[in-house]
Every structure is written in structure tokens, then in C-alpha cells.
Amino acid sequence: MLLPTLVTCLAGCAFLLSTVSEGCGPGRGYGKRRSPRKLAPLAYKQFSPNVAEKTLGASGRYEGKITRNSERFKELTPNYNPDIIFKDEENTGADRMMTQRCKDKLNSLAISVMNLWPGVRLRVTEGWDEDGHHSEESLHYEGRAVDITTSDRDRNKYAMLARLAVEAGFDWVYYESKAHIHCSVKSDHSMAAKSGGCFPGEASVTLASGAQKSIGDLRPGERVLAAAGGGELVYSEVLVFLDRDPVTWKLFYTLHTEAGARLSLTAAHLVFVSRENCSDGGALGTVYASDAQPGQCVLVSRGEAGRGQLSRITRVSMRESRGAFAPLTRQGTLVVDGVVASCYAVVDQHSLAHWAFSPLRLLHSWTGSTGRHRDGVHWYSRLLHWLGRMLLDSGRLHPLGVAQGDR
């Protein structure tokens, strides 16, 4: 009886993933539907994200040149997509060789180009470099970078082409030259490419006893401070860790607030921010940590149950730290280092994610367990990632949030 009911719930979640809109969450007005996002072209010499290419927050470190005779040559795969023009001036097919991640992003971009400009195709002028034509430690040597234009070579389109490349999921896009756009990706086996949504291990939560405890030491069954509807802070049981990785180095965005609280979380993790103003009645919505901006307000706690208060973000910084943890509470929220955050990541709506995790919470209510799980991404999260990629538009998912191994 348990299994058929659970399967039915999963099927219901699959349906909800394709239809549900924002529901209620902490703060009034949280259920408003988002208007379609207008794409802004990149400016000349602008790069996205706004960090250096070979850092953890972008495409990651250079890992060494790949040659046709090297063991790593098997990491490259040819791209024969007929919707992409490869310049291939060397006439060796080198420009078609790339990592699988680069190929996936390029193919996605090719579709966007044809949709925006009918009759125009994507053009690759530089891909994998086996002849040493680029600067030292260029990602072109690893098949992780491409230089692109449109097939009509209309330079008036290049600023929007750069934005389309960002939307396609390239890990770093640079409007490098009036003649082309430079794009690159993380390595396929890089742990940075498998970054979901997590908090650093040293981040602290408040237990029902009032004591502080680091997330790295937290255990399922403990009750921690979280947020309910209307901004009320309550204690909620930790059910499971959706991701638990005590050893890997990750890049964290740190939101600094006027109240002094500082929240660190990975790029794809959701955080509640004010949509309009920082008054007590202001509506809250969720944004990815990488999209949080100074001037927005987050909900902070006074260290105990009761009503939270809004505090303005004064700046956003980035840092690397070892260990990443993503506990799931029954409320779907928790207070970390004094700031209210969602338990969810990758998908762009908290309420959508909370609906999708209903079967897991139901399974825990029935059995007291969510199945065997050790370190790494929880099996149910992997399942939802797969469903999300099948049912949702790619723009609904954070490009850094979907594990490469699931693709």
C-alpha cells in the first residue's frame, strides 16, 4: 500500500512541476507570479559572472593542455550539429572537438540563436586549440572554450549573442572583441561543475534548546529555527540532508546585512529577499544567492521563535570554503547564521520545490526515514533534477545547480 501511494505522489509532483505557480511563503504577497524576464545584452568588454574566468565561481582552474596523443584526449567529443557552422580554418576538425559540457551548452545556444534570429545560425571561429595559438593556460587547450559569432557576422547582434550564451548555461561569457564572443565551461569532472545548493560546514543554526550548532555537526531529528508563513520563526525538525559533502571546496556567496548577520550559501541556493521595500509588510520572494543584490532586504532572527525582522543587504562578497551541507526541514526553511533561507536550490521558485518534496516528507512521516543515504546528493534530489530537466524550461533551472553526472 505504501509504494503505490508514494508512486502516485511522485506522479503528482511531476504534474505540479509543469503547472504550479508560486504559493505562500514567509511574508505577505509571496504568491505573486513572476513576469517574464527581459534579456539584457552584455556591454562591450563585460563578462558574466563578474569574476575571473579561471576561478571557482566561473569556469574553474586550468587543468593542463590536451593533445591528440594524450590520455585526456578521450575527454573530448566531436560536435557535428548541422545548426552550427565551424570555421575550421586549420581544416583538421579541431574546432569541433570539445568537452561534453561545452557541447551541451553550445547546442543549447544554437537553438536560442535560431529562435531569436530566424535564418541565422551559430558560428564557431575558435574551439579546441592544438597548435598553441592562444595565451598560456587558455581553456581552448582543454576543449572548454569557444569563440563565437552569428553566421551573418552582424556585429550588432553580438551583445545579445553574449546574453544568449549566458542563458544557455556557459560558465563564463566575455564580450571580448568586436569580432567575437568568448565562452567557456567548467571541466566535466570538476566538482565545481557539480555544485548544487548548500551552506558551508561552519555555518550555525539555532536548536530548540537555544544552543548554536554548526551545520556540519547537525543530525536528522534535531529541531532548528526555521520560518513559517507570515515571517513567523518556529522550530522545525531536520528530516534529511539533501546534500552532504564535508571535504570538497566550494564557492560561497556571502550576504552582509545592516543587522550584522552574514549568510553564506552557494550560487544556486534560494534565499528570501524583499521584492519591493524593507517595510515590515513588504512582500518576500526567493532569488538565487548569485542574484541577490545590495539594497534588497532579508529576514533575520533575534535568535528565538517569534517574528523575524527585515534587514538590508549592504554588500555581497564571495569566498571559498571546505564542506557543503543542505539540510531539509519539515518547513522547507531554516535560519542560518541569523538569516532565513530556503532549504532548496536549483529551481527558481521555493514553493515549487517545496511541493516537489512533498512525497519525501510524506515518506518520512510514514516510516521515520527517507531511505538509506550517506554523503553526496540525496537520491530524491537527483530524481527531481531529472524530472525538472524533462519538464521545465532550462531558464527555470540555475546553470550551476544541476549535477553533471545526472545529465
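Residues numbered from 1 in each chain as written. Predicted model: local features only at pLDDT ≥ 70, side-chain atom pairs only at ≥ 80, totals over all residues. Heavy atoms only, no water.

**A look at the overall build of the chain**
Formally: Put simply, DSSP marks the helices as runs of H or I at least four residues long and the strands as runs of E at least two long, and each gets a number from the N terminus on. Burial status follows relative accessibility: with a 1.4 Å probe on protein chains alone, a residue under 20% of its type maximum counts as buried, one over 50% as exposed, and anything between as partly exposed. It only takes one pair of heavy atoms within 4.5 Å for two residues to be counted as in contact. What sets the accessible areas is the Shrake-Rupley method with a 1.4 Å probe; for residues, cover comes only from the shown protein chains.
Helices and strands together make up the secondary structure of the chain, namely six helices and 21 strands. Within the chain, the fraction of its 407 residues that count as buried is 54%. Across the chain, contacts joining residues at least 24 apart in sequence account for 65% of those joining residues at least 6 apart. For the chain, the accessible area works out to roughly 17600 Å², and carbon and sulfur atoms hold 51% of it.

**Observations regarding helix H2 (residues 100-116)**
In an α-helix there are 3.6 residues to a turn, and that puts residues three or four apart on one side. So the rule is basically this: Expected span of a helix, by definition, is 1.5 Å for each gap between consecutive residues, and there is one gap fewer than residues.
If you check H2, its first and last C-alpha atoms are 25 Å apart, about what 17 residues at 1.5 Å a residue would give, namely 24 Å. Contacts from the buried residues of H2 go to strand E2 (77-78), strand E3 (84-86), strand E4 (97-98), strand E5 (122-126), strand E6 (145-150) and helix H3 (158-168).

**Some thoughts on the sheet that holds E5**
Selection rule: In short, DSSP must find at least two bridges between two strands for them to pair. Every axis in this analysis is a line fitted to C-alpha atoms, fitted for helices over the stretch in contact. Angles between the N-to-C directions lie between 0 and 180 degrees.
Judged by pairing direction, the sheet is mixed, and its six strands sit side by side in the order E1-E7-E8-E6-E5-E3 without closing on themselves. Either end of the sheet is taken by a strand with one partner, and the two such strands are strand E1 (47-48) and E3. Looking at chain direction, E5 and E6 are connected through four bridges and run antiparallel. Within E6, the residue paired with Leu122 across the bridge is Thr150. Sitting on the sheet, H2 touches E3, E5 and E6, and the angle it makes with E5 is about 140°.

**As for the pattern of salt bridges**
The criterion, for reference: Any Lys or Arg side-chain nitrogen found within 4 Å of a carboxyl oxygen on Asp or Glu counts as a salt bridge.
Under the defined criterion, the tally for this structure stands at 14 salt bridges. With its nearest N and O atoms 2.9 Å apart, the salt bridge here joins Arg101 to Asp171. Placement of Arg101 in helix H2 and of Asp171 in the loop between H3 and strand E7 (172-177) is noted, with a sequence separation of 70 residues between them. In this structure, Arg101 and Asp171 share a single accessibility class: buried. Here Glu202 makes a salt bridge to Arg319, at a shortest N to O gap of 3.0 Å. Placement of the pair is Glu202 in the loop between strand E8 (180-184) and strand E9 (204-206) and Arg319 in strand E18 (residues 309-329), with a sequence separation of 117 residues. For Glu202, a relative accessible area of 43% translates into the label partly exposed. A single network of salt bridges, built from pairs that share partners, joins Glu63, Arg72, Glu75, Glu142 and Arg144.

**Let's talk about a nonpolar patch on the surface**
Put simply, the rule reads: The residues that make up patches have over 30% relative accessible area and no salt bridge, and they are joined within 9 Å when like-charged or within 5 Å when they are Val, Leu, Ile, Met, Phe, Trp or Tyr.
Taken together, Trp386, Met390 and Leu391 make up a surface patch of nonpolar side chains, about 330 Å² in accessible area. Residue placement: Leu391 occurs in helix H6 (residues 379-391). Classification of Leu391 as partly exposed rests on a relative accessible area of 39%.

**A look at unusual backbone geometry**
Pro49 follows Ser48 through a cis peptide bond whose omega is 0°. By the element assignment, Pro49 lies in the loop between E1 and E2. Its identity as a non-glycine residue notwithstanding, Glu137 has a phi of 65°, on the positive side. Structurally, the position occupied by Glu137 is in the loop between E5 and E6. Judged by its relative accessible area of 38%, Glu137 falls in the partly exposed class.

**Section: the environment of Ser214**
Our working rule: Polar contacts, as counted here, are pairs of nitrogen or oxygen atoms within 3.5 Å of one another; within protein the pair requires one atom able to donate a hydrogen and one able to accept it, and residues that are adjacent in sequence qualify only if both atoms are side-chain atoms.
Positionally, Ser214 belongs in strand E10 (residues 212-214). Taking the C-alpha atoms as reference points, Ser214 and Asp337, 123 residues apart in sequence, are found 9.4 Å from one another. Among all residues touching Ser214, those that are not within four sequence positions of it are Gly201, Glu202, Ala203 and Ser204. At 2.9 Å, the side chain of Ser214 forms a polar contact with the side chain of Asp217.

**Structural notes on the packing of aromatic side chains**
How two aromatic rings sit relative to each other is given by the distance of their centres and the angle of their planes. Our working definition: Here a Phe, Tyr or Trp ring, Trp counted by its six-membered ring, pairs with any other such ring whose centre lies within 6.5 Å, and the pair is stacked when the planes are under 30 degrees apart, edge-to-face when over 60, and tilted otherwise. Whether a charge sits over a ring depends on NZ of Lys or CZ of Arg being within 6 Å of the ring centre and within 35 degrees of the ring normal.
Using the criterion set out here, one finds nine aromatic pairs in the structure. With a centroid separation of 5.4 Å and 35° between ring planes, the pair formed by Phe47 and Trp172 is classed as tilted. Pair noted here: Phe47 is in strand E1 and Trp172 is in strand E7, with a separation of 125 residues, a long-range link. Here Phe47 falls in the partly exposed class, since its relative accessible area comes to 28%. Look at Trp172 and you get buried, because its relative accessible area is 6%. Ring centres 6.3 Å apart and planes at 75° place the aromatic pair Phe241 and Phe325 in the edge-to-face group. Note that Phe241 is positioned in strand E12 (residues 232-257) and Phe325 in strand E18, a separation of 84 residues in sequence. The ring of Tyr141 has Lys65 sitting right over it, with the charged end atom 4.9 Å from the ring centre.

**Overview of the pairing of E12**
Burial analysis of E12 places 19 of its 26 residues in the buried class, which makes it a mostly covered element. From the end of strand E11 (residues 223-227) to the start of E12, which pair antiparallel, there are four residues, and Gly230 there has a positive phi angle of about 80°. As defined by bridge partners, E12 adjoins strand E17 (residues 306-307) across two bridges and the pair is classed as antiparallel. Across the sheet, Leu233 pairs through a bridge with Gly306, a residue of E17. Relative to E18, E12 is paired through 15 bridges, and the arrangement is antiparallel. Bridging from a neighbouring strand, Asp243 pairs with Ala326 of E18. Sheet topology note: the E12/strand E21 (residues 376-377) ladder contains two bridges and is antiparallel. Pairing of Asp243 across the sheet is with Val377, part of E21. Both E12 and strand E13 (residues 262-265) contribute to a ladder of four bridges, which runs antiparallel. Of the residues in E13, the one forming a bridge with Tyr253 is Leu265.

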